[in-house]
Amino acid sequence: MIFKDMDEVRRHLKIGVPLPCYFIGGADDQRKRAILNKIISVTTEGGTGFDNHRFSGSTPADTVADAAFEITFGGGRRCVVCEDIPFGSMAENEYKKFEQLVAEVCGLGGSTVLVFFFASIDTEAKKDSKAKTSSRKNYIESLKKIIDKSGGGVIKCETPTAAELCSMIEKTCSKYHCSIPRDLCAYMVERCGSDSALLMNEARKVAEYKGQGIITKADIDLMTCATPDAKVFDLSAKIAARDRTGAFAVLEELREMGEAAPLILNILSGMYIDMFRAKAARSCGKTKNDIAADWPKSYPKPRQFLIDKAFTAQSRYSAKSLLLCLDILLDAEQRMKSTGGNADIILDETVARLFSVK
C-alpha cells in the first residue's frame, strides 16, 4: 500500500503489526528515522538482538537474502534494514534479484520484515535520472511499485508545512504543561528553521524553561538559537530602516556564531532577490501564490513565509534601488571569489554600500 499521509502512517504503526516490506524515503530525516525506529521496535521487540540486521551502501542482494531467510534465535520476526542501496548505478540482473527478494519476503507471511530506507533519496533520484538517459529503468520507482503490489508499504516523508510545524510545536509544549500562541509558533519556525527535529528540540528547551503557563516571545528569544537566516533577516531589516549601528551589531553577532562572510552574503543576496521578485510580481498584478508556483524550489511550503516578508520589505525600495542593491551584492560575491581579499572586510564594505542606496 502507498501511505497517503503521516496520519495514515501513525494509525498503521499504532496497530503494532508490521507489513512484510517497506520503502521509506522523502525529505524529512527526523520523520524517516522515527518511523524506521518504530518499525524495528515493533518487529524485533525493542530493536535489539540477533534478529535485527542492517546493511548500508553497495550490498549484494544475496547477502541481504541470507539475512532475510536465516533461522531466528528467538523464534520471532527478523528485521532487515537496507540503507541507501545504490539502485541507480546497479546492473539490471542485480536489481532483478532485489525484486525477487521482495516478492519472496512478502510471501513469508510476516516472519521477516524487509525495509529499504533512503536517507538521501534526492541523490538516488539524480542517479536514476542519469540511468534513464542511458535507457535503463528507474529502479527506485520500480521498487516502490513492486513493494506496493506485493503487499508492502511505501512511505514518503515530505518536509512538514508551516502549519504542521506549528501544530508540532503546540503539542510539544503541551506535554510540558505549557501553551504557546499560534503566532509565536510561526515566529519560532522563522527563527529556528523548518528542520522538524531541531525545531522540536528548541520547543522542548523553551517549555522546560517556562515550566508552566503561556510562552512569550521573550522566552523564545532567550532560550532558542536563531538560524543564520533569521539573523540575516534582522540585518536586512536594519539596513532598510537605516539603522547603521544595529546592522553592524547584527554582523558582529553572526561572526560570534561562527558564520562565514560568504554564507552571510549569500543569504543577504537571497533576501534582496526575494524582494525584487515581490516588487516585480506586485507591478504586474501577481500574488504570493504565483511566486511560490513560479519558484517552487526557492519557496517550499515550510519557507513560504519568505514571500510574505519580501512583499512587506519591497515597499521600502523602488525597483531601480533594488537593482542597485543586487549589483552591489553581485560585485561583493565576485570580489570574494576572485580577488583573494579579506571576506569580512568585503562584507562590511558591502553593507556600508547598501546604506548608500536611497
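To be clear, the structure that these remarks concern was listed above.
Please read these numbers as outputs of a predicted model, since none were measured by experiment.

(A) A look at the side chain of Q314. Looking at the element boundaries, Q314 is found in the loop between α15 (305-313) and α16 (319-338). Contact partners of Q314, with chain neighbours within four places excluded, come to M275, A278, K279 and R282.

(B) Broad picture of the sheet that holds strand β4 (residues 112-117). Spatially, β2-β3-β4-β1-β5 is the arrangement adopted by the five strands of the open sheet, whose pairing is parallel. Strands at the two margins of the open sheet, each flanked by one partner only, are β2 (52-56) and β5 (153-157). Each strand axis lies, on average, 15 degrees off the axis of its neighbour in the sheet, ignoring direction. As judged from the six bridges shared by strand β3 (residues 78-83) and β4, these two strands associate in the parallel manner. Note on β4: the bridge partner recorded for R78 is T112. Along the sheet, helix α4 (residues 92-106) contacts β1 (21-26) and β4; its crossing angle with β4, the most-contacted strand, is approximately 145 degrees. Against the sheet, helix α6 (residues 139-149) touches β1, β4 and β5, its axis set at about 140 degrees to β1.

(C) Examining helix α7 (residues 162-175) more closely. With 14 residues, α7 extends 20 Å between its outermost C-alpha atoms, agreeing within 8% with the 20 Å of an ideal straight helix rising 1.5 Å per residue. For α7, the secondary structure elements touched by its buried residues are α2 (29-44), β6 (178-179), α8 (182-192) and α9 (196-210). Within two residues after α7, H177 carries a phi angle of roughly 65 degrees, on the positive side.

(D) Examining α15 more closely. Where α15 is concerned, the buried positions are F305, L306, I307, A310 and F311. Buried positions along α15 lie against α8, α11 (228-240), α13 (261-283) and α14 (288-294).

(E) View of the nonpolar core. L235, I239, Y272 and L354 are the most contacted members of the largest nonpolar core, which totals 39 residues. At the level of elements, α11, α12 (244-256), α13, α14, α15, α16 and α17 (343-355) are the ones that each hand at least two residues to this core. The element contributing the most residues to this core is α13, with 10 residues. Beyond its immediate chain neighbours, meaning those up to four positions away, L235 contacts A247, V250, L251, I264 and L268. Counting residues in each nonpolar core, the second largest holds 27 residues, with F23, I85, L101 and I147 among its members.

What counts, and where the lines are drawn
Residues numbered from 1 in each chain as written. Predicted model: local features only at pLDDT ≥ 70, side-chain atom pairs only at ≥ 80, totals over all residues. Heavy atoms only, no water. Helix = DSSP H or I, 4+ residues; strand = E, 2+ residues; numbered from the N terminus. Contact = heavy atoms within 4.5 Å. Pairing = 2+ DSSP bridges. Axes fitted to C-alpha atoms, helices over the stretch in contact; angles between N-to-C directions. Expected span 1.5 Å × (residues − 1). Buried < 20%, exposed > 50% of the residue type's maximum accessible area, 1.4 Å probe, protein only. Core = buried A, V, L, I, M, F, W, Y, C linked by side-chain atoms within 4.5 Å.

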